[in-house]
Amino acid sequence: MPRAYLDHNATAPLRGPARAKMLDSLHATGNPSSVHAEGRAARALVEVARENVAALVGGRARNVIFTSGATEALALALSGRWRGPRGAPARLLLSATEHVAALEGHGFGESAEILPVDANGVLDLAALHAALAGSQGPVLLCQQAANNETGVLQKVAAAAEKVHAAGGLVVCDAVQAAGRIPYTFETTGADMLIVSSHKLGGPQGAGALVLREVSLTCDRPLIRGGGQERGFRAGTENVAAIAGFGAAAEEALAHREEEAERLAGLRDKLEAEIARLAPGAKIFGAGVPRLPNTCAFAISGLAAETALMAFDLAGVALSSGSACSSGKVRRSHVLAAMGVSDDVARGALRASLGWTTTEADVAAFSTALAEILARIGRKTAV
Ligand code: PLP
């Protein structure tokens, strides 16, 4: 039986054009920094990808810095070494539902300040306002575009307006939004946008930090050496991964609007099935704007850890909150920040859809859920 892969927020299956581009680029023997024909051919692959990634976020190609992924891009953006028009930010503000790669604080370490979110996981703008009011110098705000666990969208433009008025800078982690909904410098007002290849159907291990202005300067980039990526990130480029990233970005952008509509339809069907089979089930963030592909839910009496395994055995790949390297289900800091009780959070599951998702996948999810609920003796509606 074919499997239903509903874990696109963890990683999306490689898109056909990305795979083809990567295979093709493996024939390029040159180093992109070399001036001979082979080097120029490799350089051309990187530069086409740079154009594609820039187009995805409405930026300029020369402001795209390729990295090994969004985690590294966040580490670079939050290194504390960037200078805006009013100098280098001395404080880092983060919303409580940021990805752990941002919550790490990087150059700001323990001094990073966490701002609260409301019950839907949306940043409390009044708390941001208060934090800015007490600030001596410019601050750096790191604000997600969309949450990886719930899909809830943040009001980045409103936050950026406040931060800019106070002379600060905004880093927007657009990893889950890019390629799924329009997310650009213009709509967010962000100074730096972060994108990850594997969330939009490119290979794992590639990402980008995209700068809005060339005038942003970095005192000492994290990785120094050969001066690649305009000196912002040294090291010979991972040509095949970058080429695949670019092709995936191009493909995601070309189909973004129709895919968003199709996936919202499938996600709504999936949520209707949850409501039918488990009346009273909780859908997190259901009352506020969300990504069209994400459904985070909890059903009373169903523990995430056992449910994940049961779904897996039934051929359905889901996730419980954010994926983590140990493969263990840990308590979600996102749901905790939203004030969800431990009891409910223990049952939180996530279905995230994408370019491979079909009606058959939603049907497989529904069949598996009905069987799992029957097994635990939970009454379901018919
Ligand atoms: N930011 C968000 C919102 C994510 O969902 C992820 C991955 O799960 C990351 C950052 C890190 O991305 P990468 O896997 O490219 O390091």
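See the structure shown above.
This section reports on the structure supplied with the text.

What counts and how
- Residues numbered from 1 in each chain as written.
- Predicted model: local features only at pLDDT ≥ 70, side-chain atom pairs only at ≥ 80, totals over all residues.
- Heavy atoms only, no water.
- Helix = DSSP H or I, 4+ residues; strand = E, 2+ residues; numbered from the N terminus.
- Buried < 20%, exposed > 50% of the residue type's maximum accessible area, 1.4 Å probe, protein only.
- Contact = heavy atoms within 4.5 Å.
- Areas by Shrake-Rupley, 256 points an atom, 1.4 Å probe, with all protein chains shown as cover.
- Lys, Arg positive; Asp, Glu negative; His and termini not counted.
- Charge placed at Lys NZ, Arg CZ, Asp CG, Glu CD.
- Pairing = 2+ DSSP bridges.
- Near = heavy atom within 4 Å.
- Polar contact = N/O pair within 3.5 Å; in protein donor to acceptor, adjacent residues only side chain to side chain.
- Nonpolar A, V, L, I, M, F, W, Y, C, P; charged D, E, K, R; others polar.
- Axes fitted to C-alpha atoms, helices over the stretch in contact; angles between N-to-C directions.
- Parallel < 35°, antiparallel > 145°, perpendicular 65-115°, else oblique.
- Left-handed = near helix turned anticlockwise from the far one by under 90°.

1. With respect to the overall build of the chain
No. 1: Helix and strand content of the chain: 13 helices and 14 strands.
No. 2: Oriented by its inertia axes, the alpha-carbon framework of the chain measures out at about 65 × 55 × 35 Å.
No. 3: When each of the 382 residues of the chain is scored for burial, the buried share is 56%.
No. 4: Contacts in the chain between residues at least 24 apart in sequence constitute 73% of all its contacts with a sequence separation of at least 6.
No. 5: Summing over all exposed atoms, the chain offers an accessible surface of approximately 15800 Å²; the carbon and sulfur share of this is 55%.
No. 6: Once the 37 positive and 37 negative side-chain charges of the chain are each reduced to a mean point, those two points are 3 Å apart.

2. A few points about the sheet that holds strand β11 (residues 282-283)
No. 1: Read from one edge of the open sheet, three strands run β11-β12-β14, paired in antiparallel fashion. Strand pairing shows two members of the sheet lacking a second neighbour, β11 and β14 (349-352), which therefore form its edges.
No. 2: Two elements, strand β12 (residues 294-298) and β14, share four bridges in a ladder whose sense is antiparallel. Each residue of the ladder has a partner; that of Thr294, found in β14, is Ser352.

3. Brief notes about the site of the ligand
No. 1: Neighbouring the ligand are Gly69, Ala70, Thr71, His99, Gln144, Asn148, Asp173, Val175, Gln176, Ser196, His198 and Lys199.
No. 2: Between the ligand and Ala70 there is a distance of 2.9 Å, counted from an oxygen atom to a backbone nitrogen or oxygen.
No. 3: Contact between the ligand and Lys199: an oxygen atom at 2.6 Å from a side-chain N or O atom of the residue.
No. 4: Across the shell around the ligand, the residue classes break down as two nonpolar, eight polar and two charged.

4. What to know about the sheet that holds strand β5 (residues 113-115)
No. 1: Pairing is mixed in the open sheet, where seven strands are placed in the order β2-β9-β8-β7-β6-β4-β5. Since the sheet does not close on itself, it has two edges, and those belong to β2 (64-67) and β5, each with one partner. Neighbour to neighbour, the strand axes of the sheet diverge by 20 degrees on average, direction disregarded.
No. 2: Relative to strand β9 (residues 207-211), β2 runs antiparallel, the two being bridged by four bridges. The residue bridging Phe66 from the neighbouring strand is Ala208, located in β9.
No. 3: Packed on one face of the sheet, helix α2 (residues 37-56) meets β2, β8 (192-196) and β9 and runs near 110 degrees to β2.
No. 4: In the packing of helix α3 (residues 70-77) onto the sheet, the strands contacted are β2, β6 (139-144), β7 (169-173), β8 and β9, and the crossing angle to β8 comes to about 160 degrees.

5. A few points about the packing of helix α10 (residues 304-313) against helix α13 (residues 359-375)
No. 1: In contact at an axis separation of 10 Å, α10 and α13 are set at 130 degrees when each is read in the N-to-C sense. Viewed along their axes, α10 and α13 adopt a mutual orientation that is oblique. Where α10 crosses over α13, the two elements pack in a sense that is right-handed. Taking contact as the criterion, the partners of Ala307, Ala310 and Phe311 in α10 are, on α13, Phe365, Ala368, Leu369, Ile372 and Arg375.
No. 2: In the contact of α10 with α13, the residues fall into seven nonpolar, no polar and one charged.

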